[in-house]
Amino acid sequence: MYQKAANYIKKRINSAPRIGIILGTGLGASVDTMKVEAEISYGKIPGFRASTAPGHAGRLLAGKLNGVDVLVMQGRMHYYEGYAMKDIALPVQTMAALGVETLVVTNASGGINESYAPGEIVLISDHIKFDLESPLRGENREELGNRFFDMTKAYSPELLELASDAGERIGISLKQGVYAYMGGPQFETPAEIRMLGILGADMVGMSTVPEVIAAVHCGMRVLGLSCVTNMAAGMENGGLNHAVIDQAEINGKERMRKLLREVVKAL
Ligand code: HPA
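All of the points below concern the structure found in this document. (Residues numbered from 1 in each chain as written. Predicted model: local features only at pLDDT ≥ 70, side-chain atom pairs only at ≥ 80, totals over all residues. Heavy atoms only, no water.)

So, about helix 2 (residues 85-97). Between its terminal C-alpha atoms helix 2 stretches 19 Å, which fits the 18 Å expected from 13 residues at 1.5 Å a residue. A bend of about 25° at proline 91 is the largest found in helix 2. The buried fraction of helix 2 is high, at ten of 13 residues. Buried within helix 2 we find Met85, Asp87, Ile88, Ala89, Leu90, Pro91, Val92, Gln93, Thr94 and Met95. Glycine 99 occupies a position one or two residues after helix 2 and carries a positive phi of about 105°. (Helix = DSSP H or I, 4+ residues; strand = E, 2+ residues; numbered from the N terminus. Expected span 1.5 Å × (residues − 1). Bend = angle between axes of the 7 residues up to and from the residue. Buried < 20%, exposed > 50% of the residue type's maximum accessible area, 1.4 Å probe, protein only.)

Spelled out as structure tokens, the structure:
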């Protein structure tokens, strides 16, 4: 299926981008300085599922960001939308079939580490996945990668350094942290957040990890940028809702826009 999707896209773009970017909740506008050469809605691409979550446009964009060829997913698919894990892996495998070698994943997350503040961008250094289902469950596609594969350096140490340097150049100091994947759509309970903290998580979210697993499987280098939109459940007075997250993203968005422009130039 990913080959079909790749063939469909190849006919509609003129470039051969080596960099893929997945934009998370509310971060779609972080590429609004991009020179878009082609725009395809997910609904038209064979095998792609629509993005139904708020803040996700559901479009694939090809073009130049700061002069660099990129393929951008403006919005992603989540397990909580009812999609299968393999549906979430498909766009990443499609990017690989199109020649993408480096994947930049962005997301919105809840901060567990008390040193974080809403609006801050954190580099994902590693992740924890609680649910058992892998996006690669089922027959292995040998042409993409091996059945068993190493996740020791899933988040490329080289790219972590490169992103830190890029941040420094534009005056953004970037901490690193471990991202815990929870299925959602409900936010976590305070007890779950305490558990995640004890287990070594610095932030929590409902995306990214299935995509990263698929990307590592097919040999891509991965950089994860997480916009902390709120402190996680129970860490501050008051509850969580999507409006709180939207507001913090407005603060984080400008930073993400600048950082992405600087990072792609250095990749
Ligand atoms: N939990 C899970 N996902 C999230 C959160 C959170 O607190 N904030 C943004 N995405």
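Here we come to a nonpolar patch on the surface. On the surface, a cluster of nonpolar side chains totalling about 400 Å² of accessible area is made up of Phe130, Met195, Ile198 and Leu199. Relative to the helices and strands, methionine 195 is located in helix 4 (residues 190-198). Relative accessible area serves as the criterion here: at 35%, methionine 195 is assigned to the partly exposed category. (Patch = residues over 30% accessible without salt bridge, like charges linked within 9 Å, V, L, I, M, F, W, Y side chains within 5 Å. Areas by Shrake-Rupley, 256 points an atom, 1.4 Å probe, with all protein chains shown as cover. Salt bridge = Lys/Arg side-chain N within 4 Å of Asp/Glu carboxyl O.)

The buried fraction of helix 5 (residues 209-217) amounts to nine of the nine residues, a majority that puts the element mostly inside the structure. Residues of helix 5 that are buried include every one of Val209, Pro210, Glu211, Val212, Ile213, Ala214, Ala215, Val216 and His217, and no others. Buried residues along helix 5 sit in contact with strand 1 (19-23), helix 2, strand 5 (102-111), strand 6 (121-129), strand 7 (175-181) and strand 9 (221-231). Following helix 5 by one or two positions, glycine 219 adopts a phi angle in the positive range, close to 80°. (Contact = heavy atoms within 4.5 Å.)

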